[in-house]
Amino acid sequence: MEEHYTGILEEMSKLILENMPKADYSSLFNDFVESEFFLIDGDSLLVMCVCEKSLEPGQSLHFFYLVERYLLDVISKGGHFAIVFFKDAEYAYFRVPGLLTLRTALIMHLQKNTAIDVWTEFSGCLSEEWSITLSQSCPYFLILADEGLNDQQTHLFNFLVIQSWAAKVNIALFSGQTSDIIRLYAYFMQSSYSKQLFFKQFEKDIMIDYKTLIQQLEKCRDLDLTTLFGDLTFNNMVEKACETMSLLKQLWPEGSDIRRALCVTSCSLFLEMYHSFLENREKKSSKKMCKVKQQQGRCLTLKDVEDFCKLHCLSVVFHLHLPLSQRACSRFVTSDWIKDLKTVFKMKQWCEYFILSNVHMIGFWSLDLLHLSDFSDEPLLKNIAFYYENENAEGLDLNVGDAIMEEYVHLWNTVSKLVGKFEVGNSFPLRTTECHFLKKTPSPVKESSQEKMPNLGFIPMSCALVDEFTGDILKDLPFLKNDDPIVSSLVKHKEFDELVHWHSHRPLSDDYDRTKANFNECTRDPRYLRSVQKYHVFQRFYGNSLESVSSKLIITQGAKPKKDCSKSRSKKPRETKADRIARENKKRLIAKEEQREEQQWNTLSSSIEKEMKRNFSSGMKKLEEFLKSCKSNSVKVQAEKVGLTACLTAWKEHCRAEGEATKDFSIAVDMMKRIHSLLDKHSELLQEADRKLIARCLLCLGFDELANSLYPTQDETDDIKMKKRNKYSVGIGPVRFQLQYMGHHLIREERKDPDPRVQDFIPDTWQRELLDVVDNNESAVIVAPTSSGKTYASYYCMEKVLKESDEGVVVYVSPTKALVNQVAATVQNRYTKILPAGQVVCGVFTRDYRHDALNCQVLVTVPACFEILLLAPHRQSWVKRIRYVIFDEVHCLGGEIGAEIWEHLLVTIRCPFLALSATISNPQHLTEWLQSVKRYWKQVDSAMGKRTFSKRNSASRGSHHEDQGQARQSYKVRLVIYGERYNDLEKHICSVRQGDVCFDHFHPCAALTIDHVSNNLCHSCSM
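The present account deals with the structure reproduced in this document.

Quick notes on the rules
- Residues numbered from 1 in each chain as written.
- Predicted model: local features only at pLDDT ≥ 70, side-chain atom pairs only at ≥ 80, totals over all residues.
- Heavy atoms only, no water.
- Buried < 20%, exposed > 50% of the residue type's maximum accessible area, 1.4 Å probe, protein only.
- Helix = DSSP H or I, 4+ residues; strand = E, 2+ residues; numbered from the N terminus.
- Pairing = 2+ DSSP bridges.
- Right-handed = clockwise from strand over helix to strand, strands pointing away.
- Axes fitted to C-alpha atoms, helices over the stretch in contact; angles between N-to-C directions.
- Parallel < 35°, antiparallel > 145°, perpendicular 65-115°, else oblique.
- Left-handed = near helix turned anticlockwise from the far one by under 90°.
- Contact = heavy atoms within 4.5 Å.
- Nonpolar A, V, L, I, M, F, W, Y, C, P; charged D, E, K, R; others polar.
- Polar contact = N/O pair within 3.5 Å; in protein donor to acceptor, adjacent residues only side chain to side chain.
- Disulfide = S-S within 2.5 Å.
- Phe/Tyr/Trp six-rings, centres within 6.5 Å; stacked < 30°, edge-to-face > 60°.
- Expected span 1.5 Å × (residues − 1).
- Arc of directions from axis to C-beta.

## Points about the pairing of strand 3 (residues 80-84)
Each regular strand carries side chains that alternate between the two faces of the sheet.
Okay, so step 1: A large share of strand 3 lies buried, amounting to four of its five residues.
Okay, so step 2: Bridge count for strand 2 (residues 37-41) against strand 3 is five bridges, and the pairing is parallel. When the sheet's bridge partners are listed, Asp41 is paired in strand 3 with Val84.
Okay, so step 3: Here strand 3 pairs with strand 4 (residues 118-119) via two bridges, running parallel. From the neighbouring strand, Ile83 faces strand 4, where its bridge partner is Val118.
Okay, so step 4: You can see the chain leave strand 3, run along helix 5 (residues 97-113) and come back into strand 4, and the turn it takes is right-handed.

Okay, here's the thing in structure tokens:
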């Protein structure tokens, strides 16, 4: 058969094996499933559960439990999926008919007893119907097994993988899956262009090999059936099964349970088939086929098989009457079935398959499929067989009650009526032959362990903290007695001071001690000090590359008491003679600076004008450079007017040259920039002639209404003048032009009044609120878009703590090590401070390294490392120095990895905090929860107030600053939300066209799907 293959099977396996090590191990539910539809291959699900180590062989109920447990876990995590079973996949099980029966029962159970969507109408993964379904349903990925139970099934899985990739469907593997409370992790192999191209290139070979594989499997199936059932083909067996089911419908017109129906039909069909099997065997032996007879070996007689079917019927009756709790307590028989039963089991499993797969053919018959998952219990059958072969033969009588025996007689009588070829023996005696179905072993039954289980319970201990926290809960928990060997083996009355190990009294160590220190903080080696100096130089260089902010020298000022605002407002400050002299000097300096800049402009103006005439864009750049360095408003007005005049001239020349062709609006944009600058920033310095010039420019661009509102003119009705003006017009309205072509140049609405706390810029209202939060030692949840300026509150907080004392500490918690490095470099570049020996401004602590972590005033770290310091008993003196904690990207609190650490930190810290994020969906709920935490700490602090106050009074000078900071601490948590960003964000799509990389603008409406539009449209209509 192998010569008919094209060799593509090996190429497919090679391609898949090459991609498996490259698979991404990711969370399916976090990234995809919450919004995407996906598929589960039913046969892969079956293989995964069959190969489960904990599966009890022969117990179908355990198998179905494993299946439903997995599916329930997927559904509980929000999975939206369908399970697909291909018809061709049956061929992989024909050599193991027990799995074939299990597969059929699984499909029926999922279809009839669950609400899961099950697809069984597709012949194979290469069928046209399957391709159409994939294109319509658009599943994001398919969960599949990477290996089958045999080579043939593995090849079928490989075909499915290749076809899925070709249809742009990704593959998630069953193997290696792990699950937690909210996530399912799996190896994810994405579809790519190269994989899609593989299918297109070898599509013919793939189709040929798939058909060849199915034909080979079909021939193997027919060969197995011929060995067992002689001349009866697969279709003949289907007809026999349907006849048996029809006859049972006549005997039981009221309907039945699936376990009773499957028992009697499979036993009757099996007895008829085994009778035919023995007849064929006798015919072959009568023809003196000695070699064949020797190969066949000894066979069970028909009476032996009848006895085995009686045992099976009795086990089904026990199935029906015994609860699971009793079945679970049954003894474990270790003896295996005899070798001669192999053919019996195989033939009976085939019969069960033919019955189950054709149940739907019997219409208008009430068949209860509720207990289909519990159709087989081989350990129970072994127990019954063991009893009749050993214990019953020794005289032990099993009194199971009349109900069970009557049910058994009813089932066996039905089997007798369904068997038409020969007469079946009576229901009793149950064993008529001496054949043993179980092998004889020295210890056929597994004895339970006689070892005494140790007592379970808590070791009694005394701890005031634990007793206060648990309360009455400990009363309901089991505790070991004092005379218990486990308790007596421990050293009595051993105290634990939380600084040494309780068993060895060695000093405690933590991950801080085990983390590599970049520099030894105690050494005075000149080479070492030189390397430290290089490190700080690099950090400042790196920080300066991130933001061009000059370094600020911090001088300790101490905590400033709040001023009485009412008194300061009532009394006006009296100007002294020195103040008047300083004010006059400042005026003279400003006037002198304006005169200097005006002379500079008079010198440069002619060259800039010439450059703009020669090369407009180059001249405009020089003008912009001069305006950036110029501080005099009057000189800026002159320069802006020169630029505006040049823009008007260049625009007219450009329009005359282009004619009716598409115009370049860059010159018009520059003209509007000059107009915006003059009107918004220097309107009080403009003369009438200046306003007239601006109006002329607006008329030239076609913005008549704007021009008339600025400088009213008479309407020009002359057609010639109108044509000239239309020639220079941009062709769209002023609003559309500004939004479409110069959105990033438009001036944002800003406050004009400066804040004395900020020197570099004028903060917005919401930023001033952040400064108030820090000044009042309050906590805040800050939700604002990226690049909106929320991080400035962090630096203001750092600067405030640095100015207050040399002892206070600010902890900046960042989610990643990369961000830690950036923030640390920025802090070192921003601030310098003269500190006592051994102390520095900024330190770093990550899992990889630490540097000046405990002797700095600004510690930049990751959550896990901060938790180590916060909970370490021997670091509490450092913890008490913390004044503020800044949580950057606090939305990690809802992440899948490490979220609990963020929660621990927010609950544990006693100082105020700033929680920064751009993407919190429920900031109000988060703020309420954090406020409840602060209320708890307020109650604790108030309860410990007297003792804490006495300790503060006796503290050292270093602790004095600490007390000031803690005494003014507020327990209020503010919520500051700001929805705008200063910089516009525009999305683009990168694509390759004709060998060139292109970036195309991506409009947000392009992301809308038909469902989004229809749902939102229906919602708006209903509103």
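## With respect to unusual backbone geometry
Okay, so step 1: The omega torsion of the bond from Phe428 to Pro429 falls at -5°, within 30 degrees of zero and hence cis.
Okay, so step 2: Among the structural elements, Pro429 can be located in the loop between helix 17 (402-418) and helix 18 (464-470).
Okay, so step 3: Positive phi outside glycine occurs at Lys168, with the angle close to 65°.
Okay, so step 4: The residue Lys168 is located in the loop between helix 7 (151-166) and strand 6 (170-173) in this model.
Okay, so step 5: In this structure Lys168 comes out as exposed when scored by relative accessible area, which is 60%.
Okay, so step 6: With a phi angle near 55°, Asp852 is a residue other than glycine that sits in the positive phi range.
Okay, so step 7: Along the chain, the position of Asp852 falls in the loop between strand 16 (850-851) and strand 17 (856-861).
Okay, so step 8: Looking at Asp852, the relative accessible area reads 7%, which means it is buried.

## Looking at the packing of helix 13 (residues 302-321) against helix 16 (residues 378-391)
Okay, so step 1: Closest axis-to-axis distance for the helix 13/helix 16 pair is 9 Å, and the angle between their directions is 125°. With respect to helix 16, the element helix 13 is oriented oblique. For the pair helix 13 and helix 16, the sense of crossing is right-handed. Taking contact as the criterion, the partners of Phe308, Leu311, His312, Leu314, Ser315, Phe318 and His319 in helix 13 are, on helix 16, Leu380, Leu381, Ile384, Ala385 and Tyr388.
Okay, so step 2: Per-class residue counts for the contact of helix 13 with helix 16 are nine nonpolar, three polar and no charged.

## Some details on the side chain of Ser970
Okay, so step 1: Mapped onto the elements, Ser970 comes out in the loop between helix 39 (957-967) and strand 20 (973-977).
Okay, so step 2: At 3.2 Å, the side chain of Ser970 forms a polar contact with the backbone nitrogen of Lys972.
Okay, so step 3: Contacts of Ser970, omitting those with residues within four sequence positions, involve Asn776, Asn777 and Glu778.

## Some words on the pairing of strand 22 (residues 996-1002)
Okay, so step 1: The pairing of strand 21 (residues 987-993) with strand 22 spans seven bridges and is classified as antiparallel. Paired with Ser991 across the bridge in strand 22 is Cys998.
Okay, so step 2: Connecting strand 21 to the next strand, strand 22, in antiparallel fashion are two residues, including Gln994 with a positive phi near 55°.

## Considering the environment of Glu705
Okay, so step 1: Secondary-structure assignment places Glu705 in helix 28 (residues 704-710).
Okay, so step 2: Assessed through its relative accessible area of 72%, Glu705 is described here as exposed.
Okay, so step 3: Separated by 29 residues in sequence, Glu705 and Pro734 place their C-alpha atoms 9.2 Å apart.

## A closer look at the state of the cysteines
Okay, so step 1: For the structure on display, the rule yields zero disulfides.
Okay, so step 2: Lacking any disulfide linkage, Cys797 is separated from the closest cysteine sulfur, that of Cys911, by 9.0 Å.

## Some thoughts on the sheet that holds strand 20
Okay, so step 1: What the eight strands build is an open sheet, ordered 16-15-17-13-18-19-12-20; its pairing is mixed. Two strands lie at the open edges of the sheet, namely strand 16 and strand 20, each paired on one side alone.
Okay, so step 2: With two bridges joining them, strand 15 (residues 840-845) and strand 16 adopt antiparallel strand pairing. Across the sheet, the residue bridging to Val844 is His851, located in strand 16.
Okay, so step 3: Strands in contact with helix 31 (residues 765-775) are strand 12 (779-783), strand 18 (882-887), strand 19 (913-917) and strand 20; relative to strand 20, the strand with the most contacts, it is inclined by about 165°.
Okay, so step 4: On the sheet, helix 32 (residues 792-804) packs against strand 13 (809-813), strand 15, strand 17, strand 18 and strand 19 and is oriented at approximately 155° with respect to strand 13.

## A closer look at the packing of aromatic side chains
Okay, so step 1: Applying the stated criterion across every chain yields a total of 44 aromatic pairs.
Okay, so step 2: The interplanar angle of 50° and the centroid separation of 5.0 Å between the aromatic rings of Phe198 and Phe202 together place this pair among those described as tilted.
Okay, so step 3: For Phe198, a relative accessible area of 11% gives the class buried.
Okay, so step 4: Pairing Phe270 with Tyr274 gives two aromatic rings, centres 5.9 Å apart and planes at 50°, and the pair type is tilted.

## Let's talk about the environment of Leu710
Okay, so step 1: Structurally, the position occupied by Leu710 is in helix 28.
Okay, so step 2: A sequence separation of 31 residues divides Leu710 from Leu679, and the C-alpha atoms of the two residues are 9.9 Å apart.
Okay, so step 3: Setting aside residues up to four positions removed in sequence, Leu710 forms contacts with Leu679, Arg691, Ile694, Ala695 and Leu698.

## A word on helix 21 (residues 526-546)
Okay, so step 1: If you check helix 21, its first and last C-alpha atoms are 30 Å apart, about what 21 residues at 1.5 Å a residue would give, namely 30 Å.
Okay, so step 2: For helix 21, every residue scored as buried is listed here: Tyr528, Val532, Tyr535, His536, Gln539 and Gly543. In a view along the axis of helix 21, the buried residues occupy a sector of 90°, so they form one face of it. Exposed residues pointing more than 90 degrees away from the buried face of helix 21 are listed as Pro526, Arg527, Lys534, Val537, Phe541 and Ser545.
Okay, so step 3: Contacts made by the buried residues of helix 21 are with helix 33 (817-830) and strand 16.

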